[in-house]
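Reading the structure
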Amino acid sequence: MSLNPIVLSIPIYFILIGVELLAERWHQTQRYHLADALTNISCGVTSQVTAAFMRIVGVGAYAFIYEHWALLHIRQSWAVGLLLFVLVDFGYYWAHRLSHEINLFWGGHVVHHQSEDYNLSVALRQSSLQSVFTFFVYLPLAVIGFEPVFFVYISAFVTLYQFWIHTEFIGQLGPLEWVLNTPSHHRVHHGRNPRYIDKNYAGAFIVWDRLFGTFEPETERPVYGITTPLRSWNPLWANISHYPALWAQVMATPGLGNRLRVIFGRPGWRPTEQGGQMEIPAVDEATYQKYQPSPVRGVPGYVLAQYVVLIGGAALFLFQQATLPTAARYLLAVWVAAGVVAGGGLLENRAWAWALEVPRLLASLGLLVAFLWGTTWLAGAAVTGTLFVLVSLVWFYRLRSVGVAAASAAGAIS
């Protein structure tokens, strides 16, 4: 397998998101907000880019165990693929459940739950850290003897299945609800309503939740998000925000045993003398206020234009990473990460984002020239890149004066 099926499916993701946007327009609903959707895509882009470097942890461990301790060497076939799909999905159930029930692991999964909307773009909102905490769940499959490449391939299809269930446009699906994870079941999982917390962990088969007592049907419209809202469009902060809070809680908790339980116990656990397990707050859809700060007029369109280029760069990275020199891979990864963080900062009207945007644009042009130096593509790409940067600079400076003034007035300068 030269490419992950998830990477190959990226164009299909965006086509289906476009279809859902048309459906939203037709039904005149409010299921998408541009800043939230862009943040979802930012987190997805960064997770795929970082996965190229972090995959060595999980896949490397799986391959090592398969090579040295596999009891069998099971050959690939359709029947084996179907069996492995079921086994990987079973492993996913437990990896997902552990990600909710262990505080440290929750920090590697919370990203996926931070959006206060529920649409197909939320499926792309993935953590850059989760695989570090949960890869061990799948290692028994290596001991049994399923080939590493086949495992990665089938695991990708378990992930692909879960894209379509992130929508409110599909209702309940009759008898399928008994066996499969459906949009209705997964809407419950993303709800922050007390009755919905830590329910419906399934990937493809809801039978795991029915078997292990974590199933909850959709009986009221969920309020989406997490009990302590992120209130930021910054994908970097989205990935790390849980850990400063966890550290503060650890330092405020007396006793080594209690501190370890804060880290490895359920999120919200506290010793009795500090009040015990935190209660899940009730939430009312009619009164709940989503995080929707007003960006500077014109900034969302500017950020969207920059993201089109960033996604192109990320696609280049994902499709060509095997042939890129190591230094080029790291440079391109940093460029993508810097771009999505800058976009989030502009959407929040942060002064540091306004200050760094011009250097980022110029660095983008320099990186383009450096990548194509000595190739037949250099002249055309340099001209196109220069034109894009010039247009971006003119556009940016027309927005900047308004943005800096608004940031100063709001006390956002940092």
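Our subject is the structure listed above.
Keep in mind the model is a prediction, meaning the values are calculated, not measured.

A tally of regular secondary structure across the protein gives 18 helices and 0 strands. In terms of overall size, the protein behaves like a compact globule, its C-alpha atoms giving a radius of gyration of 23 Å where 414 residues would be expected to give roughly 22 Å. Each of the 414 residues in the protein was classed as buried or not, and the buried ones make up 50%. Across the protein, every contact between residues at least 6 apart in sequence was considered, and the portion connecting residues at least 24 apart equals 75%. In the form shown here, the protein has an accessible surface area of approximately 20300 Å², with 69% of it arising from carbon and sulfur atoms.

What follows is about helix α2 (residues 10-27). Its 18 residues place the ends of α2 26 Å apart at the C-alpha level, agreeing with the 26 Å of an ideal helix rising 1.5 Å per residue. Restricting attention to buried positions, one finds in α2 the residues Y13, I17, E20 and E24. The buried side chains of α2 occupy one side of the element, clustering within an arc of 60 degrees when seen end-on. Exposed residues lying more than 90 degrees from the buried face of α2 are I15, L22, R25 and W26.

Each aromatic ring pair is described using two quantities: the centre-to-centre distance and the angle formed by the ring planes. Counted by the stated rule, this structure contains 23 aromatic pairs. Judged by centre distance (5.3 Å) and plane angle (90 degrees), the rings of Y302 and W395 are edge-to-face. Separated by 93 residues along the polypeptide, Y302 in helix α15 (residues 299-320) and W395 in helix α18 (residues 378-409) bring together distant segments of the chain. We classify Y302 as buried; its relative accessible area is 1%. Judged by relative accessible area, which is 32%, W395 ranks as partly exposed. What links up through ring pairs into an aromatic cluster is the set F90, Y93, W94, Y201, W208 and F212. In this structure, R31 packs its charged tip against the face of F169, placed 4.4 Å from the ring centre. Lying over the aromatic face of F215, R210 brings its terminal NZ or CZ to 4.0 Å of the ring centre.

Bringing the nonpolar core into the picture now. One finds V299 and V303 to be the most contacted residues of the largest nonpolar core, which totals 48 residues. Membership of the second largest hydrophobic core comes to 29 residues, among which are L84, Y93, F151 and A204.

Opposite charge on two side chains makes pairing possible when the charged atoms of those side chains draw close. Summed over all chains, the structure comprises 12 salt bridges. The salt bridge partner of D117 is K290, with a shortest N-O separation of 2.7 Å. One end of the pair, D117, is in the loop between α5 (103-106) and α6 (120-124); the other, K290, is in the loop between α14 (256-264) and α15, with 173 residues separating them in the sequence. Residue D117 is classed as buried on the basis of its relative accessible area of 4%. Relative accessible area serves as the criterion here: at 32%, K290 is assigned to the partly exposed category. Among the charged side chains, a network of salt bridges with common partners joins R31, E168, R221 and E285.

Once that is clear, we can look at a nonpolar patch on the surface. Where nonpolar side chains cluster on the molecular surface, the patch consists of I12, I15, L16 and V19 and spans about 360 Å² of accessible area. Mapped onto the secondary structure, I15 falls in helix α2.

Here we come to the environment of Y330. Examined against the element boundaries, Y330 turns out to sit in helix α16 (residues 326-347). Residue classification places Y330 among the partly exposed positions, given a relative accessible area of 47%. For the pair formed by Y330 and D36, sequence separation is 294 residues and the distance between their alpha carbons is 27 Å.

On to the environment of T323, then. Counting through the fold element by element, T323 comes out in the loop between α15 and α16. Taking the C-alpha atoms as reference, T323 lies 44 Å from Q249; in sequence the two are 74 residues apart.

For Q28, which is not glycine, the phi torsion reads 55 degrees and is therefore positive. Relative to the assigned elements, Q28 resides in the loop between α2 and α3 (34-69). Phi is positive for R231, close to 55 degrees, though the residue is something other than glycine. Relative to the assigned elements, R231 resides in the loop between α11 (207-212) and α12 (235-240).

Here the focus is the packing of helix α4 (residues 78-101) against helix α9 (residues 148-161). The N-to-C vectors of α4 and α9 enclose an angle of 65 degrees; their axes lie 9 Å apart at closest approach. In terms of crossing hand, the pair formed by α4 and α9 is right-handed. Each of V80, G81, L84, F85, V88 and D89 in α4 lies in contact with α9, whose residues at this interface are F150, F151, I154, S155, F157 and V158.

Criteria and cut-off values
- Residues numbered from 1 in each chain as written.
- Predicted model: local features only at pLDDT ≥ 70, side-chain atom pairs only at ≥ 80, totals over all residues.
- Heavy atoms only, no water.
- Helix = DSSP H or I, 4+ residues; strand = E, 2+ residues; numbered from the N terminus.
- Rg over C-alpha atoms; globule rule 2.2 N^0.38 Å.
- Buried < 20%, exposed > 50% of the residue type's maximum accessible area, 1.4 Å probe, protein only.
- Contact = heavy atoms within 4.5 Å.
- Areas by Shrake-Rupley, 256 points an atom, 1.4 Å probe, with all protein chains shown as cover.
- Expected span 1.5 Å × (residues − 1).
- Arc of directions from axis to C-beta.
- Phe/Tyr/Trp six-rings, centres within 6.5 Å; stacked < 30°, edge-to-face > 60°.
- Lys NZ or Arg CZ within 6 Å of the ring centre and 35° of its normal.
- Core = buried A, V, L, I, M, F, W, Y, C linked by side-chain atoms within 4.5 Å.
- Salt bridge = Lys/Arg side-chain N within 4 Å of Asp/Glu carboxyl O.
- Patch = residues over 30% accessible without salt bridge, like charges linked within 9 Å, V, L, I, M, F, W, Y side chains within 5 Å.
- Axes fitted to C-alpha atoms, helices over the stretch in contact; angles between N-to-C directions.
- Left-handed = near helix turned anticlockwise from the far one by under 90°.

This is a description of form; function is not addressed.
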